[in-house]
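For reference, the chains in residue letters:
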Amino acid sequence: MRRKLADESGFTLVELLAAVVILMLLGLILNSGLQMAVHSYQTMTAQSETELLLSTLADAVTDELRYADDVTEQNGVITYTSASFGEGISLTVSDGQAVAGGKKLLPDGAYGKGRYVVDVLEISYAEPNFKVHLEVKEKDGTISAAADLTVGCLNP
């Protein structure tokens, strides 16, 4: 019986421990790489969504100002008559969203459920053009996008 047990081949305890350590190191390396990939993906997605919001907002602002009528400026505030929103309208930022006359220019979904906000919306008017500066950013992050627009008013 002793001879039979002596002939059995197998792994020693040291070999098993070495294999476990190697597997743990491989697992840690894989985990670190996966975390870096997820972070990179989230950053790229946030940048893309910020730029998409900026583009959508720029189109909405451009459409609104292009057809503005009876444009006036008092104390640095530009008001106009809008076909969509009525008389005495001004574009402002409220709760991180662009509003025209108290009504949202874009639906809530455009802001990524509150993840993105309009940081700056500055408008100046020199007949017949509006100069617009827009900045959109991630609410709790460092990602942002900006654009400067010149909008020709068709009803100066």
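Coordinates for the structure precede this section.
Quick caveat: nothing in here was measured; it's all calculated off a predicted structure. (Residues numbered from 1 in each chain as written. Predicted model: local features only at pLDDT ≥ 70, side-chain atom pairs only at ≥ 80, totals over all residues. Heavy atoms only, no water.)

Peer 1: Even after reading the chapter, I still don't get the overall build of the protein chain, so can you show me in this structure?
Peer 2: Along the protein chain, the regular secondary structure elements total two helices and nine strands. Ordered by position from the N terminus, the helices and strands of the protein chain form the series α-α-β-β-β-β-β-β-β-β-β. Against the 2.2 N^0.38 benchmark of 15 Å for 156 residues, the protein chain shows a C-alpha radius of gyration of 30 Å, more extended than a compact globule. With the principal axes as the frame, the protein chain shows a C-alpha extent of 105 × 25 × 25 Å. Within the protein chain, buried positions represent 29% of all 156 residues. (Helix = DSSP H or I, 4+ residues; strand = E, 2+ residues; numbered from the N terminus. Rg over C-alpha atoms; globule rule 2.2 N^0.38 Å. Buried < 20%, exposed > 50% of the residue type's maximum accessible area, 1.4 Å probe, protein only.)

Peer 1: Even after reading the chapter, I still don't get the sheet that holds strand β3 (residues 86-89), so can you show me in this structure?
Peer 2: Sheet strands line up and pair through hydrogen bonds in the backbone, either parallel or antiparallel. Reading across from one edge, β1-β2-β3 is the order of the three strands in this open sheet, with antiparallel pairing throughout. Across the chains shown, the open sheet's two edge strands, defined by having one partner strand only, are β1 (69-74) and β3. For this sheet the average axis-to-axis angle between neighbouring strands, irrespective of direction, equals 10°. Alignment of β1 against strand β2 (residues 77-82), held across four bridges, turns out to be antiparallel. Of the residues in β2, the one forming a bridge with Glu-73 is Ile-78. (Pairing = 2+ DSSP bridges. Axes fitted to C-alpha atoms, helices over the stretch in contact; angles between N-to-C directions.)

Peer 1: Just checking my understanding: could you explain the side chain of Thr-50 for this structure?
Peer 2: With respect to the helices, strands and loops of the structure, Thr-50 is situated in helix α2 (residues 13-66). Thr-50 sits in the buried class, given a relative accessible area of 0%. Within the structure, Thr-50 has its side chain in polar contact with the backbone oxygen of Ala-46 (distance 2.7 Å). Excluding residues that lie within four positions of it along the chain, Thr-50 makes contacts with Tyr-116, Val-136, Lys-137, Ile-143, Ser-144 and Ala-145. (Polar contact = N/O pair within 3.5 Å; in protein donor to acceptor, adjacent residues only side chain to side chain. Contact = heavy atoms within 4.5 Å.)

Peer 1: Would you take a moment to explain α2 for this structure?
Peer 2: Helical geometry note: an α-helix holds 3.6 residues per turn, so side chains three or four residues apart project in the same direction. Here α2 spans 79 Å end to end across 54 residues, near enough to the 80 Å set by a 1.5 Å rise per residue. Turning to α2, its buried residues are Ala-46, Thr-50, Leu-53, Leu-54, Leu-57, Ala-58, Ala-60, Val-61, Thr-62, Glu-64 and Leu-65. Looking at the buried residues of α2, the elements they touch are β2, β4 (91-94), β5 (97-100), β7 (116-126), β8 (129-138) and β9 (144-152). (Expected span 1.5 Å × (residues − 1).)

Peer 1: What exactly am I supposed to notice about the nonpolar core here?
Peer 2: Taken as a class, soluble globular proteins show a tendency for nonpolar side chains to be buried jointly. Formed by 33 residues in total, the largest nonpolar core has its most connected members in Leu-57, Phe-130 and Val-132. Of all elements in the fold, only α2, β2, β5, β7, β8 and β9 reach the threshold of two or more residues within this core. The element that contributes the greatest number of residues to this core is α2, accounting for eight residues. Not counting the four nearest positions on each side in its chain, Leu-57 is found in contact with Ala-98, Leu-105, Leu-106, Tyr-111, Val-118, Leu-134 and Val-136. (Core = buried A, V, L, I, M, F, W, Y, C linked by side-chain atoms within 4.5 Å.)

Peer 1: Hey, could you run me through the pattern of salt bridges in this one?
Peer 2: Here the idea is simple: oppositely charged side chains can pair when their charged atoms come close. Under the definition given, this model contains four salt bridges. One salt bridge connects Arg-115 with Glu-138, and the closest N-O pair in it is separated by 3.0 Å. Placement of Arg-115 in the loop between β6 (103-104) and β7 and of Glu-138 in strand β8 is noted, with a sequence separation of 23 residues between them. Beyond isolated ion pairs, a larger network of salt bridges with shared partners links Glu-49, Arg-115 and Glu-138. (Salt bridge = Lys/Arg side-chain N within 4 Å of Asp/Glu carboxyl O.)

Peer 1: What am I meant to see in the environment of Ala-46 here?
Peer 2: Assignment of secondary structure puts Ala-46 in helix α2. A relative accessible area of 1% means that Ala-46 is categorised as buried. Each C-alpha atom, one on Ala-46 and one on Gly-141, is 9.3 Å from the other, the two residues being 95 residues apart in sequence. What Ala-46 contacts, discounting residues up to four positions off in sequence, is Arg-115, Tyr-116, Glu-138 and Ile-143.

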